[in-house]
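Topology and contacts: notes
Below are the chains, spelled out letter by letter.
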Amino acid sequence: MTLPSGQFPDLRNRGVLVTGGGSGIGAALVEGFLRQGARVAFIDIAEDASRALADKLAAETGQRPEFIAADLRDVGAAKEAAAAAIAALGSIGVLVNNAARDDRQPLEAVTEDSWDESLAVNLSHFFFLSQAIAPQMRQTGGGSIINFSSIAFMLNMPEMPAYSTAKAGIIGLTKSLAGKLGPDNIRVNAILPGMIVTERQRRLWLTEDSIAQMQEKQCLKRILVAEDLVGPCLFLASDCSAAMTAQTMIIDGGVF
Ligand SMILES: NC(=O)c1ccc[n+]([C@@H]2O[C@H](COP(=O)([O-])OP(=O)(O)OC[C@H]3O[C@@H](n4cnc5c(N)ncnc54)[C@H](O)[C@@H]3O)[C@@H](O)[C@H]2O)c1
């Protein structure tokens, strides 16, 4: 699967910050925005993979995305990374809150610490990065915040209580932020991916059987990949969706 061929001219030179841009869906988003001519920064904890991605994209596109190393579970580090991104890009018009970690954990194994850690990696930084960047968006006339949720919280998945809670919480957060920031022309929407077959998903969780079972539920009978999220994200970032806020967009091949 290749990136979408469509062009969104208003994204040219737009400052775009993607969290978790070092691999998976985030890496496809970094490339997708770069190929629109946007100025892109991304935050990730995985330094080697992220530097390799920045080198590869610089060689391929002639534009180097700005990599900012940070552990987003640390709210102080997340705020510093947001300030570094604003400094690097001049201004941010698009924030994509994407970083997450979909660990499985049986009910009996969840502890107070593991619960808090899961919400820290899957939910809290969505709020604190939005809070850190909204004032600059307000000053520069508006912006678009795109929050990655998941269809997982609607699938009764037994081994993901904290992750599912976080992903459901992102919908509430999206609606609340949209209400607060709408008067400043800052739009906030959520994307709910279905089963996106990345290298990590294959390595950790997916089997040929589980992929086939999900395809059975999908209307579209093909594997969904990271690049499938790029077009919807460009649309939500662009002025093409100028009247759209507080919405959730499901990209799952038609499971729901
Ligand atoms: N892949 C799927 O099937 C799927 C399905 C539904 C929703 N989603 C959502 O889409 C988004 C991207 O998913 P993905 O499959 O590409 O995930 P991924 O695990 O492949 O990538 C996540 C990225 O976030 C980074 N990251 C993790 N913890 C971090 C931390 N503490 N600080 C900074 N960076 C950190 C990782 O290094 C990685 O580069 C996530 O929000 C995920 O919940 C994915």
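Residues numbered from 1 in each chain as written. Predicted model: local features only at pLDDT ≥ 70, side-chain atom pairs only at ≥ 80, totals over all residues. Heavy atoms only, no water.

The name given to the chain in an unreviewed UniProt entry is 3-oxoacyl-ACP reductase, and the organism recorded there is Sinorhizobium glycinis. Under the UniProt heading Sequence similarities (unreviewed entry), the note attached to the chain is "Belongs to the short-chain dehydrogenases/reductases (SDR) family." (UniProt positions renumbered as here; feature names shortened; annotations may be inferred.)

Turning our attention to the pattern of salt bridges. Summed over all chains, the structure comprises 17 salt bridges. Among the ionic pairs, Arg73 bridges to Glu117, the shortest N-O distance being 2.7 Å. Taken together, the residues span a long stretch of sequence, with Arg73 in the loop between strand S3 (66-69) and helix H3 (75-89) and Glu117 in helix H4 (residues 112-139) at a distance of 44 residues. A single salt-bridge network, built from bridges that share partners, covers Asp71, Arg73, Arg101, Asp103 and Glu117. (Salt bridge = Lys/Arg side-chain N within 4 Å of Asp/Glu carboxyl O. Helix = DSSP H or I, 4+ residues; strand = E, 2+ residues; numbered from the N terminus.)

What follows covers the side chain of Thr174. Mapped onto the elements of the fold, Thr174 is located in helix H5 (residues 161-181). Sequence-distant contacts of Thr174, defined by excluding residues within four places in its chain, comprise Asn147, Val188, Asn189, Ala190 and Gln247. (Contact = heavy atoms within 4.5 Å.)

The subject of this paragraph is helix H2 (residues 47-61). The terminal C-alpha atoms of H2 lie 21 Å apart, and with 15 residues this matches the ideal 21 Å at 1.5 Å per residue to within 8%. For H2, the set of buried residues is Ser50, Leu53, Ala54, Leu57 and Ala58. Looking straight down H2, one finds that the buried residues subtend no more than 130 degrees of arc, so they occupy a single side. Facing away from the buried side of H2 by over 90 degrees, the exposed positions are Asp48 and Ala59. In this structure, the buried side of H2 is in contact with helix H1 (24-34), strand S2 (39-44) and S3. Immediately beyond the C-terminal end of H2, within one or two residues, lies Gly62, with a positive phi of roughly 80 degrees. (Expected span 1.5 Å × (residues − 1). Buried < 20%, exposed > 50% of the residue type's maximum accessible area, 1.4 Å probe, protein only. Arc of directions from axis to C-beta.)

Around the ligand lies a shell of 27 residues, among which Ser23, Ile25, Asp44, Asn98 and Tyr163 are the nearest. A distance of 3.5 Å separates an oxygen atom of the ligand from a polar atom in the side chain of Arg200. Relative to its unbound accessible area of 820 Å², the ligand is 92% covered by the protein chains. Broken down by secondary-structure element, the contributors of at least two residues to the shell around the ligand are H1, H5 and helix H6 (199-204). Each residue belonging to the shell around the ligand can be placed in one class, and the counts come to 13 nonpolar, nine polar and five charged. (Near = heavy atom within 4 Å. Polar contact = N/O pair within 3.5 Å; in protein donor to acceptor, adjacent residues only side chain to side chain. Areas by Shrake-Rupley, 256 points an atom, 1.4 Å probe, with all protein chains shown as cover. Nonpolar A, V, L, I, M, F, W, Y, C, P; charged D, E, K, R; others polar.)

Let us now look at empty space enclosed by the protein. With the rule as written, the count across this model stands at one cavity of 30 Å³ or more. Taken as a whole, the largest cavity holds about 30 Å³ of empty space. If you trace the largest cavity, you find it lined by Met195, Ile211, Met214, Gln215, Gln218, Arg222, Ile223 and Leu224. (1 Å grid on protein atoms, 1.4 Å probe; cavity = no way out; pocket = protein on both sides within 12 Å on 5 of 7 lines; lining within 4 Å. Points joined across faces, edges and corners; volume = space filled by probe spheres on them.)

This paragraph deals with the nonpolar core. Formed by 33 residues in total, the largest nonpolar core has its most connected members in Leu29, Phe33, Val96, Ile146, Phe148, Ile191 and Cys233. Of all the secondary structure elements, the ones that give two or more residues to this core are strand S1 (15-19), H1, S2, H2, strand S4 (94-97), strand S5 (143-148), helix H8 (230-237) and strand S7 (248-251). Top element by residues in this core is H1. It accounts for seven residues. When near neighbours in sequence (up to four residues on either side) are disregarded, Ile146 contacts Val94, Leu95, Val96, Asn97, Asn189, Ile191, Cys233, Leu236 and Ala237. By size, the runner-up hydrophobic cluster in this structure holds 28 residues, among which are Leu17, Ile43, Ala78 and Ala99. (Core = buried A, V, L, I, M, F, W, Y, C linked by side-chain atoms within 4.5 Å.)

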